[in-house]
Each structure stands twice: as C-alpha cells, then as structure tokens.
2 protein chains.
Amino acid sequence: MTVREPTEPTGVGSRPRPATLTDVARAAGVAPSTVSRAFTKPGRVNAGTREHVLRVAAELGYRPNPVARALESGRTSTLGLVVSDITNPHFFALVRGAERQASTAGFTLLLGDTQQSPQTERTVVDRIHASVDGLILAASRLPPAELRAYAATKPLVLINRQTEDVTSVVTDHVDGPRQIVEHLHSLGHRALVFLSGPRESWSGAQRWAVIRDAAKSLGIAATRLGPFPPSMAGGPAAADAAIGTAATAVIAHNDLLAIGALRRFGDRGLTVPGDISVVGFDDIFGADFCAPPLTTLTGPLDEAGRKAVEILVTQPEITVRAPRFSLPSHLKIRESTGPARPRA
Amino acid sequence: MTVREPTEPTGVGSRPRPATLTDVARAAGVAPSTVSRAFTKPGRVNAGTREHVLRVAAELGYRPNPVARALESGRTSTLGLVVSDITNPHFFALVRGAERQASTAGFTLLLGDTQQSPQTERTVVDRIHASVDGLILAASRLPPAELRAYAATKPLVLINRQTEDVTSVVTDHVDGPRQIVEHLHSLGHRALVFLSGPRESWSGAQRWAVIRDAAKSLGIAATRLGPFPPSMAGGPAAADAAIGTAATAVIAHNDLLAIGALRRFGDRGLTVPGDISVVGFDDIFGADFCAPPLTTLTGPLDEAGRKAVEILVTQPEITVRAPRFSLPSHLKIRESTGPARPRA
DNA sequence: CTGAAAGCGCTAACAC
DNA sequence: GTGTTAGCGCTTTCAG
C-alpha cells in the first residue's frame, strides 16, 4: 500500500496537497463515512462528533472535492450553457439570467461558445456532456436528429430553437413580429424591408415568415434583403441595401444590425425616423441609449435563461416529455420609428 | 459482485446509461487499460487493436467521462472565472476574451458571480475550487490574506486587483488616468470632479489617487464625489451632484456611470460637451454609439481575460512567483469632451 | 504490446 | 450512532 505523506510539500514553489476526507477522518479519529455524514447528513450523526469533525476539518482547511462527489453520485450540480457567439451582446442577458438562477439553486454554469459552427458546437457539447447535469443550447445550429440524440442522453433545453421531441424555451416569435408590422403600418408605412441575418438562424426564419404574412394580410409590401452578418459591422451593407429600395421602414434581424444600420443612415445623410424608420429585435443593452433610441421587440432572454435553468434544476425529468415554453415579448416603442414620409 | 445490465433502461421515460470504458473493453474483448491507452496513448498500442477498439467505442457511442478522468489525474481542463457582477457589461469583454482563449487551449470555463459580496465570493470560490485547474478572480473584494491563502492552494490570477504574492493582470492604472487629466487640462478645464464608484473597489482607489495627483501637479482642482453605484442607475445622482459644483468636466468611475450621467445632463438641459465634458473608463460596448459618443479610457479587458487564461493554461507554475502584468490602456477621444466653457 | 490490480476522494449500503 | 466495505469510471504502475 502506498501512503503519501499528507502534508509534505513535494518541492520548492509547489503547492500543498489539499486535505481529503480521509485526512480529516484520521485526524479526528473517526471513520471516513462519519466525516462524510457530518457534512452531508447532519441528522444522522451525533451532534458532538459532528462538531468535533467539523472543527478538525476546518483546522485542516478541508473542502469536499466536488469531482469525487460527482463521480460517485453521478450529479455535478453543474449546468452547461452553450451559446453560438459569446461575442454577441444578444447573449449577455441570457448568460446573466442563467447564471443568476443557477447560483440561486446552488448550481454552477459551464460556459461554451460554438463560434457559429455546428462542428464546434458538437465538439463543445461532447466535451462538457458528462460534466453537467443538464444542457442548455441557445440558438443551436445542430440538425434535429443530433439534437434529439443529445436529448435522449441528458436533460436538454433549447433556447430560441424548436425541434420535435426536444424541450424548448422561446421568446414569442409570432405575435411579436406581427406587432412590429402593425406598428409600422399604423404609422403609414406601406413598404418595408427585412434585413435578414444568418440563413441557418431558426428564429430569423420565423421572424421573416410572420413579417411576410402580416404584411400580406395588411396589404403592404415586404421584401427580404441579405443575409447580413448579425452584428454592427453588418449595418452599413444592410443600410445601403435598404436605401436602394422604396421602403420607408426597415426591420433588422437583431438590434446589433439595427444599430449598425442606424449609424449608417446617419452617415449617409438620412434622418431616423424622419426619412426612414428602424426596428430591431431583442432590446439589447444599449438599445435605449443609442441615437436615436431604438424601437425594438423585447426578447426576454434573461428570463429565458432563468426558465431553462429552472427546468433543469427543479424538474429535469420533464425534459423527456419535451414541453415547449414560449415567453411573451412586447414591442418597445422608442424614437427610431415615426410616421412614414414618402421618399423621393 | 453487482453487475448492472449495461443497456437496460430503468423505466419509462428514463435515459440509457451511457457506455463506459469497461463496456467498450468487454464489447471489444480487451482489457480496460487497453481501451484507455487506445484513447490517450495512441503510440503504446497495436495499430490494429486500437482501430478495433475505436470502432467498437464509436458503435457504443462511448465518450470518456471527464469527471472520472479528473478524479484520477487531478486535472480537469477547466478554469474558474469569477466576476463581481455579471450584470455589468464591463465584464462582458472579459468573459469573452477568457472564453475564447480557453476554448482555443481546449479548456472550459466555469463561470461564477459574487454579486459584489465578499461572502458570496468566498462561497463561490470554495465551491468551484476543486473542480478547476486554475482560478481567475476579477475585481475581487477579498482581503489580501484570503487571496494569498487561495493562491497557495491553486494557480490564481487576479484581474484589476493587486495584492502581494498573488499573480495579477491589470489594465494600466497610472498613465491612463493621468492622460485623462492632461486631456481635460489641455482643453482648458480647470476644475474637475471624479464620480467615484464603490468604496471597496481597488481600481477605483487607484484611479482617484492618480487623478488627484495629476490635477495637483497641473495646478487644477479635482474633487471626489460619491460613492455612486457603478451603473447607469447611478448616473442621475452623480450628474446632479456634479452640477452642484463648479467643475466643467467630470470623470466617472466607469462608462456605465458616465453614460447614465450623460443622459441626466441632457435631461437637465446641459449639453455635452458644450456645458460640461464627460469621461469614462473601460470603453464598454455602447460607449461608441451613445449620445454623444463617450471619451473613455480603454481597459483592454478582453485582453486581460486572454492573458489570465494563457498564464493558467501554459504556465500555471509561475503563479507561485506571483508576477504582475500590466496591459496598456489608452485614451479614446470621442465627442463627450470639448473645450471648457466657464459655467454661470 | 496487453492484462491485472490498485486507487483518485467520496458516498452508500450493510453490518455491528 | 459509527465503522467496514465496495465501488463510481478512469489511468497507471507492474507483470507477463
């Protein structure tokens, strides 16, 4: 039997081996199981012993090793959150909401970024898969079959993506986009343009479908331009493309693109909303203080994050029944939309 | 000996037990150690055997369990990143930089939020401590002794906080603030005000110290107001307080506070920079498109995140020597600063 | 080159 | 109420 000296440093500048449960047991003169119980089942151990054990543990600076605990129990108290582009402020609120809810529940978040690539997404998910009790995939680009395969293996919640047999939380994608069209219509706009984002975006497809139908039923024109990168950098191209049309209002795939377009319109000498109205999606940080403040459809992403975490923490079993949740969004009217003025 | 049936589902709606290394070994007709080697030491196993094992593993959908691997090796390929308030956009760039660098290195990030409380910080750090190979604490509020204690236990890198015997990465906090003062001085400002953030903020203290000294040596007045919450919500109170002084320029503890103040000045009928100039810190997302775009000191936080991760991934040992790194920051002059105009 | 066996730190039966 | 024992899934000596 090899016994390592508990506290012997192994060399200059190295770190001491942290105390283990066994060390504590030995020092306290009790069995390992007693120490374990002292920490995890306070009721099932003599109060005096417990106190003693706890004291000795504190002296030794003992802290239970979650890795060992996880190996035994199969539970890690950790949730994986995978987003498609952590660089995108769109996801900040999501990460924030998820983190808050997780920490409230005593869970920790493992963060992953797919950099918009399905291949990377696969790698990331495979890697964290076994280390988490549940998985949240935001705006996943994975094909349905793969998503189902993951869901069969581990509690999985999709955010802003829906697929058969997989639990999802989406921000409303029907009423919201329709409200935008109605808002614009009521302001007198009769031709609008949708500045689209990535082709593979599920939510982007939903948005356009609803916008197109709503426009049709109101008898106004709607055309789609793009795809454009869903970032501020995509703004100039998107704005320029819009200027080439007869539209008096643009609806951008997201706020980032909208803000980018806003600036470009300014640079090109167009005033917003005087010459052209602009609407975004998400109500990201900054949408309320850009110039002019942006009319946008709130996408309660922090709430979506909270909801997803809540599901995984309190009732992971229900994910096998693949319920779908939809969170209401509403139109936040600010100053980037106004009455239509026919353009020359 | 208890042998669980490898693939038998345990009930309706439950999930199959994932294949383990042992399952693969059995199915492939080899020893567990051979399977292990096939995955981790490709050289030390017969090419044919290896191929066979890999094929069987693939068929079974086997994926090595990182938790078990970590327990044995003591390494988790995971880094803990703890920020004081994930709600603060200030940290977005940090999280982003850290995540990118980590994933490049094949590491995963565990995210923690201390909600500005030292007590919570302790809890969070204690909890993730054993699950990570290294720790990054951003804007830590912990006392030096505790920080040292953690550093003695695990590779630790502090961001924007310095303490003896602990490795740190800070964005320059001397030249930068001085540049702000000089910039303002050169525009003719002779009285400025510092809108301070939380009292416990290490970087806030540094900033004020340099500003005060720089002002003194330039022979201009500098006073400190506050503390104010370092958020947009803190802006109104901060702006109002500043209006009550003779200052023609304000330097805010961070961009959030600066943007909040910007809006308040507008609401109160003051034009920026006509009536008063405003400077922030960090160059957060949005600083370039608020109205007017904010002059601010860049705090290369994404780079700081990358640097911290890089240290922990490539040379964790050096943290015992507690080197200090400082990343250059520079003044980004935009439109919120202009020539001083004496106020009534 | 491959197998057998020990054990990482912890929890959970199962005794006593 | 407490100790003993057997693993969780994997890597790693150590034999063969």
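Note that the structure is a prediction, hence the values are computed from the model and not measured.

Cut-offs used in this document
- Residues numbered from 1 in each chain as written.
- Chains lettered and ligands numbered in written order.
- Predicted model: local features only at pLDDT ≥ 70, side-chain atom pairs only at ≥ 80, totals over all residues.
- Heavy atoms only, no water.
- Pairing = 2+ DSSP bridges.
- Helix = DSSP H or I, 4+ residues; strand = E, 2+ residues; numbered from the N terminus.
- Axes fitted to C-alpha atoms, helices over the stretch in contact; angles between N-to-C directions.
- Contact = heavy atoms within 4.5 Å.
- Buried < 20%, exposed > 50% of the residue type's maximum accessible area, 1.4 Å probe, protein only.
- Right-handed = clockwise from strand over helix to strand, strands pointing away.
- Left-handed = near helix turned anticlockwise from the far one by under 90°.
- Nonpolar A, V, L, I, M, F, W, Y, C, P; charged D, E, K, R; others polar.
- Near = heavy atom within 4 Å.
- Polar contact = N/O pair within 3.5 Å; in protein donor to acceptor, adjacent residues only side chain to side chain.
- Arc of directions from axis to C-beta.
- UniProt positions renumbered as here; feature names shortened; annotations may be inferred.
- Least-squares fit on C-alpha atoms with pLDDT ≥ 70 in both.
- Phe/Tyr/Trp six-rings, centres within 6.5 Å; stacked < 30°, edge-to-face > 60°.
- Lys NZ or Arg CZ within 6 Å of the ring centre and 35° of its normal.
- Salt bridge = Lys/Arg side-chain N within 4 Å of Asp/Glu carboxyl O.
- Core = buried A, V, L, I, M, F, W, Y, C linked by side-chain atoms within 4.5 Å.
- Buried area = accessible area lost by both parts, 1.4 Å probe.

Asker: Help me understand the sheet that holds strand 2 (residues 108–113) of chain A, please; the structure alone is not making it clear to me.
Answerer: The strand order across the open sheet built from 12 strands is 11(A)-5(A)-4(A)-3(A)-1(A)-2(A)-2(B)-1(B)-3(B)-4(B)-5(B)-11(B), with neighbouring strands paired in mixed fashion. The strands lining the two open edges of the sheet, one partner per strand, are strand 11 (324–327) of chain A together with strand 11 (324–327) of chain B. In this sheet, adjacent strand axes meet at a mean angle of 20° when their direction is disregarded. Against the sheet, helix 12 (residues 301–314) of chain A contacts strand 1 (78–83), strand 3 (134–138), strand 4 (156–159), strand 5 (167–171) and strand 11 of chain A, and its axis sits at roughly 170° relative to strand 4 of chain A.

Asker: Looking at this structure, I do not really get the pairing of strand 8 (residues 249–252) of chain B. What am I missing?
Answerer: Moving residue by residue along a regular strand, the side chains alternate between the two faces of the sheet. All names here are of chain B. The alternating pattern of strand 8 places Ala249 and Ile251 on one face and Val250 and Ala252 on the opposite face, and all of these are buried. Relative to strand 8, strand 6 (residues 191–195) runs parallel, the two sharing four bridges. What sits directly across from Phe194, in strand 8, is Ile251. For strand 8 and strand 9 (residues 277–282), the ladder comprises three bridges, and the chain directions are parallel. Bridging across to strand 9, Ile251 finds its partner in Val279. Assessed by its sense of winding, the connection that carries the chain from strand 8 through helix 11 (residues 255–267) to strand 9 is right-handed.

Asker: Teacher, can you tell me more about the packing of helix 5 (residues 92–104) of chain A against helix 12 of chain A here?
Answerer: Packed helices, taken two at a time, are described by the angle between their axes plus the distance between the axes. All names here are of chain A. Remark: helix 5 packs on helix 12, axes separated minimally by 7 Å, with the N-to-C direction vectors making an angle of 35°. For the element pair helix 5 and helix 12, the recorded crossing hand is right-handed. On helix 12, the residues touching Ala93, Leu94, Gly97, Ala98, Gln101 and Ala102 of helix 5 are Leu301, Asp302, Ala304, Gly305, Arg306, Val309 and Glu310. The residue makeup of the contact of helix 5 with helix 12, split by class, is seven nonpolar, three polar and three charged.

Asker: Hey, could you run me through the protein's contact with DNA strand D in this one?
Answerer: Close to DNA strand D lie 25 residues, the nearest being Thr34 and Thr49 of chain A together with Leu21, Lys41 and Arg69 of chain B. Backbone atoms, meaning sugar and phosphate, form 62% of the atoms of DNA strand D found within 4 Å of the protein. Within the contact set of DNA strand D, a phosphate oxygen lies 2.8 Å away from a backbone nitrogen or oxygen of Ala31 of chain A. Between DNA strand D and Thr49 of chain A, the relevant distance is 2.7 Å, taken from a phosphate oxygen to a side-chain nitrogen or oxygen of the residue. Residue assignment for the surface near DNA strand D shows that the elements contributing at least two residues are helix 2 (32–40) and helix 4 (66–73) of chain A together with helix 2 (32–40) and helix 4 (66–73) of chain B. The residue makeup of the surface near DNA strand D, split by class, is eight nonpolar, nine polar and eight charged.

Asker: What's the story with the protein's contact with DNA strand C in this structure? I'm lost.
Answerer: DNA strand C sits among 28 residues. The nearest are Leu21, Tyr62 and Arg69 of chain A together with Thr34 and Thr49 of chain B. Measuring from a base nitrogen of DNA strand C, one finds a side-chain N or O atom of Ser33 of chain B at 3.2 Å. In this structure, a base nitrogen belonging to DNA strand C sits 3.0 Å away from a side-chain N or O atom of Glu72 of chain B. The set of elements that each furnish at least two residues to the surface near DNA strand C consists of helix 2 and helix 4 of chain A together with helix 2 and helix 4 of chain B. Here the surface near DNA strand C gets four residues from one element, more than from any other, and that element is helix 2 of chain A. Among the residues making up the surface near DNA strand C, the classes are represented as nine nonpolar, 10 polar and nine charged.

Asker: Even after reading the chapter, I still don't get helix 10 (residues 235–243) of chain B, so can you show me in this structure?
Answerer: Residues lying three or four places apart along an α-helix face the same way, a consequence of the helix completing one turn every 3.6 residues. Listed in full, the buried residues belonging to helix 10 of chain B are Gly235, Ala238, Ala239, Ala242 and Ile243 of chain B. Taken end-on, helix 10 of chain B shows its buried residues confined to a sector of 135°, consistent with a single buried face.

Asker: Please explain the UniProt feature "domain: HTH lacI-type" (unreviewed entry) in chain A as it appears in this structure.
Answerer: Cross-referencing UniProt, the feature "domain: HTH lacI-type" (unreviewed entry) maps to residues 19–73 of chain A in the present numbering. Taken end to end, residues 19–73 of chain A has its terminal C-alpha atoms 21 Å apart, with 71% of it in helix and 0% in strand.

Asker: What's the story with the relation of the copies chain B and chain A in this structure? I'm lost.
Answerer: Think of it as a corkscrew move, a rotation about one axis and a shift along it, taking one chain copy to the other. Placing chain B over chain A gives an RMSD of 0.2 Å and needs a rotation angle of 180°, together with 0.1 Å of translation along the axis. Interpreted geometrically, this transformation is the action of a two-fold axis. By residue overlap, the copies meet face to face through one surface: 98% of the interface positions of chain B are interface positions in chain A.

Asker: Got a minute to help me understand the packing of aromatic side chains in this structure?
Answerer: The relative placement of two aromatic rings is captured by the distance of their centres and the angle of their planes. Taken as a whole, this structure holds eight aromatic pairs over all chains when the rule is applied. Its end group placed over the ring of Phe281 of chain A, Arg207 of chain A keeps NZ or CZ at 4.2 Å from the ring centre.

Asker: Any chance you could explain the pattern of salt bridges here in plain terms?
Answerer: Opposite charge on two side chains allows them to pair when their charged atoms are near. One pass over the structure, following the stated rule, counts 30 salt bridges over all chains. The partner of Arg63 of chain B in a salt bridge is Asp126 of chain A, and the shortest N-O contact between them spans 3.3 Å. With Arg63 of chain B in the loop between helix 3 (47–60) and helix 4 and Asp126 of chain A in helix 6 (residues 118–129), the pair connects residues from two separate chains. Judged by its relative accessible area of 32%, Arg63 of chain B is partly exposed. As a salt-bridge pair, Asp282 of chain B and Arg207 of chain B come within 3.7 Å of each other at their nearest N and O atoms. Within this pair, whereas Asp282 of chain B is found in strand 9, its partner Arg207 of chain B is found in helix 9 (residues 202–218), the two being separated by 75 residues in sequence. With respect to burial, Asp282 of chain B and Arg207 of chain B carry one shared label: buried. Connected via shared salt-bridge partners are Arg17, Asp23 and Arg26 of chain A.

Asker: Sorry if this is basic, but what is going on with the nonpolar core here?
Answerer: If you look at the biggest cluster of nonpolar residues, it comprises 56 residues, and the most contacted ones within it are Leu195 and Phe265 of chain A together with Leu195 and Phe265 of chain B. Of all the secondary structure elements, the ones that give two or more residues to this core are strand 6 (191–195), helix 10 (235–243), strand 8 (249–252) and helix 11 (255–267) of chain A together with strand 6, helix 10, strand 8 and helix 11 of chain B. Setting aside chain neighbours within four positions, we find Phe265 of chain B in contact with Ala239, Ala242, Ile243, Val250, Leu270, Val272, Ile276 and Val278 of chain B. Counting 52 residues, the second largest nonpolar core, distinct from the first, contains Leu81, Ile136 and Val157 of chain A together with Ile159 of chain B.

Asker: What's the story with the interface of chain B and chain A in this structure? I'm lost.
Answerer: How big an interface is tends to be stated in terms of the accessible area lost upon association of its parts. Listed per partner, the contact involves 58 residues of chain B and 57 residues of chain A. With both chains or domains summed, chain B and chain A bury close to 4,700 Å², and 59% of this area falls on carbon and sulfur atoms. The largest per-residue losses of area from chain B upon contact with chain A belong to Arg15, Phe285 and Phe289 of chain B, which jointly make up 16% of the total buried on that side. At the surface where chain B touches chain A, the tally comes to eight salt bridges. Linking Asp113 of chain B and Arg100 of chain A is a salt bridge whose minimum nitrogen-to-oxygen distance equals 2.2 Å. Where chain B touches chain A, the interface holds 20 residue pairs in polar contact (both at pLDDT 80 or more). For the side of chain B that touches chain A, the secondary structure elements donating two or more residues are helix 4, helix 5 (92–104), strand 2 (108–113), helix 6 (118–129), helix 7 (144–151) and helix 11 of chain B. Classifying every residue of the side of chain B that touches chain A gives 30 nonpolar, 16 polar and 12 charged.

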